[in-house]
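Here's the letter readout for the chains.
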There are 2 protein chains.
Amino acid sequence: MTETVPFQTNCRACPLRQKPAFRSLEGKELDFISDFKTGELTVEAGATILQEENKTPHLYTILEGWAFRHKALADGRRQLLNFALPGDLVGLQLAVLKDMQHSVTALTDTTLCVFQRDKVWSIFKDHPTLAFSMTWIAAREEQILDGQIISLGQRTALERLSYLILHLYDRAQHVGYAGNQALDAPFSQSHLSDALGITPVHTSRTLRKLQEKELISWSKDQIRVLDRDALEKLASYESISEDPRPLI
Amino acid sequence: MTETVPFQTNCRACPLRQKPAFRSLEGKELDFISDFKTGELTVEAGATILQEENKTPHLYTILEGWAFRHKALADGRRQLLNFALPGDLVGLQLAVLKDMQHSVTALTDTTLCVFQRDKVWSIFKDHPTLAFSMTWIAAREEQILDGQIISLGQRTALERLSYLILHLYDRAQHVGYAGNQALDAPFSQSHLSDALGITPVHTSRTLRKLQEKELISWSKDQIRVLDRDALEKLASYESISEDPRPLI
DNA sequence: CGGACTGTTGATCGGTATCAATGCTCGTGG
DNA sequence: CCACGAGCATTGATACCGATCAACAGTCCG
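Residues numbered from 1 in each chain as written. Chains lettered and ligands numbered in written order. Predicted model: local features only at pLDDT ≥ 70, side-chain atom pairs only at ≥ 80, totals over all residues. Heavy atoms only, no water.

## Looking at the relation of the copies chain B and chain A
Think of it as a corkscrew move, a rotation about one axis and a shift along it, taking one chain copy to the other.
Working step 1: Relative to chain A, chain B is turned by 180° and slid 0.0 Å along the rotation axis, the superposed coordinates differing by an RMSD of 0.0 Å. Those values place the two copies in the arrangement expected of a two-fold rotation axis. Minimal C-alpha separation from the rotation axis in chain B is found for T135 of chain B, amounting to 2.4 Å.
Working step 2: Counting the interface residues of chain B, we find that 100% of their copies in chain A are interface residues as well, pointing to one common contact surface. (Least-squares fit on C-alpha atoms with pLDDT ≥ 70 in both. Contact = heavy atoms within 4.5 Å.)

As structure tokens, then:
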């Protein structure tokens, strides 16, 4: 199911860091990161990266692929909390709170940078820039979750779906997974359902409605945003910051 | 509406810090905090502490009272994102992301410690313990928001209400605002509605149902938790960490 | 005393869930 | 190469949770 590959991306030549979406990093911090990273983990689509009960003491950054955080109630109802894309930190709650109340699953085949959790403290002790980045990343996650909360609490299914599509499009675009109206969408309708808090049946109908209005088109593994302005208006969309963000 | 009071709580004698719910702090960090705090702000119930558009560059900690973070859609639909109780940081997103997409309003008369935002960086540069605390606090907020998301996405109104009551009871108890089954509940049913994503009418009916089942009793400004076990089961409740937490 | 706000209750409406049947795609094995 | 089964998506019929509309009661406060 999972395997550690011998070939690893050197942090100094990290392909993510080159992207304009991310802040550049100076020598000392970059050296630390290189040392902080102990390896890479490649998992197949569907594999569990972190599980609620199982306290693997790891902190990861996604290097390539899609994953998602999710949580279940005792009777099995599941809710997708957030997606994770390249550059997103995975396992922060576990690393700092020493407790995690959600699981993380790979959506596509995914490669993660593995960090030594026992060195987390030296980030704070010796690398204020990186420490600030940790807080920054956590605050950004909060902002995304705030958006989900107002979606689930106030928006109708149609609005929610529109919002989610725009949100994912923007995040994907920053890391090169979307562009020119097309979002590479490796998720099934049931993933969308779990994120939106509606049933798969209703997700299907709602997607159809957006297509009939010619706002999007949905084909296997791809969503095309046909009328962004109309979608934004329908969803009452508010984009998250477009500024370069820190990468750990 | 708002006023700065001359009498201020000295951080070294902070009444919150005495409570077992919070971690104690050593000399150097405590000195810094004392210096970091520039004043206190006391606002009346209903006053706006931070507003989405208005970028007051302030970071606060609640010293006394209840507040809440909230967010609205373009057409006026409102969603309460989270409550804030003594010891909770307010304005973190603004402080680190320099962008805030929600507002914060006082629920009761509230006193806040005001920090100098331009000294935020020195937390990271010179006080790793406090820097870690910032990240810790942000991660805890994430955890709470995760809980809200699964509530809004998966739980019925009755389950949601039960969950919220237990959640608020526990948080309030840590800071002395609840105990012996009774939660001092300074919020109206419409506040609950905004948090739960249901209408006030339905909130009233749902509260009534919980009372008929004799799980709670609701009287003006007070909720009594009559049958905690049954509530936990109904809500599929999962408590957040009870460990002492950092206080800035 | 009167008005504003909050909460209660009843009647009806509508959005989404649920149940059920069918089609579609794709991987697997005969 | 086809048959089959397993998921996933579509579509229709019906049920139900919570929204909406409306009227009224209770409380607080000026």
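## Thoughts on the protein's contact with DNA strand D
Working step 1: Not every one of the 15 residues close to DNA strand D is listed here, only the nearest: Q189, S204 and R208 of chain A together with A157 and T199 of chain B.
Working step 2: If you look at DNA strand D and keep only atoms within 4 Å of the protein, 68% of those are sugar or phosphate atoms.
Working step 3: The separation between a phosphate oxygen of DNA strand D and a polar side-chain atom of T199 of chain B is 2.9 Å.
Working step 4: Those elements that provide at least two residues to the surface near DNA strand D are helix 7 (189–196) and helix 8 (200–212) of chain A together with helix 8 (200–212) of chain B.
Working step 5: Per element, the largest residue contribution to the surface near DNA strand D is 4 residues, and it comes from helix 8 of chain A.
Working step 6: Per-class residue counts for the surface near DNA strand D are 4 nonpolar, 8 polar and 3 charged. (Near = heavy atom within 4 Å. Polar contact = N/O pair within 3.5 Å; in protein donor to acceptor, adjacent residues only side chain to side chain. Helix = DSSP H or I, 4+ residues; strand = E, 2+ residues; numbered from the N terminus. Nonpolar A, V, L, I, M, F, W, Y, C, P; charged D, E, K, R; others polar.)

## Some words on the sheet that holds strand 13 (residues 222–225) of chain A
Residue and element names in this part refer to chain A.
Working step 1: An order of 10-11-13-12 is seen for the 4 strands of this open sheet, with the pairing classed as antiparallel. This sheet does not close on itself; its edge strands, each paired only once, are strand 10 (178–179) and strand 12 (216–219).
Working step 2: Relative to strand 11 (residues 182–184), strand 10 runs antiparallel, the two being bridged by 2 bridges. Bridging across to strand 11, G179 finds its partner in A182. (Pairing = 2+ DSSP bridges.)

## Observations regarding the state of the cysteines
Throughout this description, disulfide means a covalent bond between two cysteine sulfur atoms.
Residue and element names in this part refer to chain A.
Working step 1: Tallied over the entire structure, the rule returns 0 disulfides over all chains.
Working step 2: Take C14: it sits in no disulfide, and the sulfur closest to it among the cysteines is that of C113, at 6.3 Å.
Working step 3: A relative accessible area of 8% places C14 in the buried class.
Working step 4: You can see C113 has no disulfide; the closest cysteine sulfur is in C11, sitting 6.0 Å from it.
Working step 5: A relative accessible area of 8% means that C113 is categorised as buried. (Disulfide = S-S within 2.5 Å. Buried < 20%, exposed > 50% of the residue type's maximum accessible area, 1.4 Å probe, protein only.)

## Details of the protein's contact with DNA strand C
Working step 1: Around DNA strand C there are 15 residues in total, and T199 of chain A together with Q189, S204, R205 and R208 of chain B lie nearest to it.
Working step 2: The share of sugar and phosphate among atoms of DNA strand C within 4 Å of the protein is 72%.
Working step 3: Measuring from a phosphate oxygen of DNA strand C, one finds a side-chain N or O atom of T199 of chain A at 2.9 Å.
Working step 4: Between DNA strand C and R208 of chain B there is a distance of 2.6 Å, counted from a phosphate oxygen to a side-chain nitrogen or oxygen.
Working step 5: At the level of secondary structure, the elements contributing two or more residues to the surface near DNA strand C comprise helix 8 of chain A together with helix 7 (189–196) and helix 8 of chain B.
Working step 6: By residue number, the principal contributor to the surface near DNA strand C is helix 8 of chain B, which donates 4 residues.
Working step 7: Residues of the surface near DNA strand C, tallied by class, amount to 4 nonpolar, 8 polar and 3 charged.

## Some words on the side chain of S151 of chain B
Residues and elements named next belong to chain B.
Working step 1: Position of S151 among the secondary structure elements: in helix 5 (residues 128–154).
Working step 2: A distance of 3.0 Å separates a polar atom in the side chain of S151 from a polar atom in the side chain of R155.
Working step 3: The contact partners of S151, leaving out residues within four places of it in the chain, are R160 and Y163.

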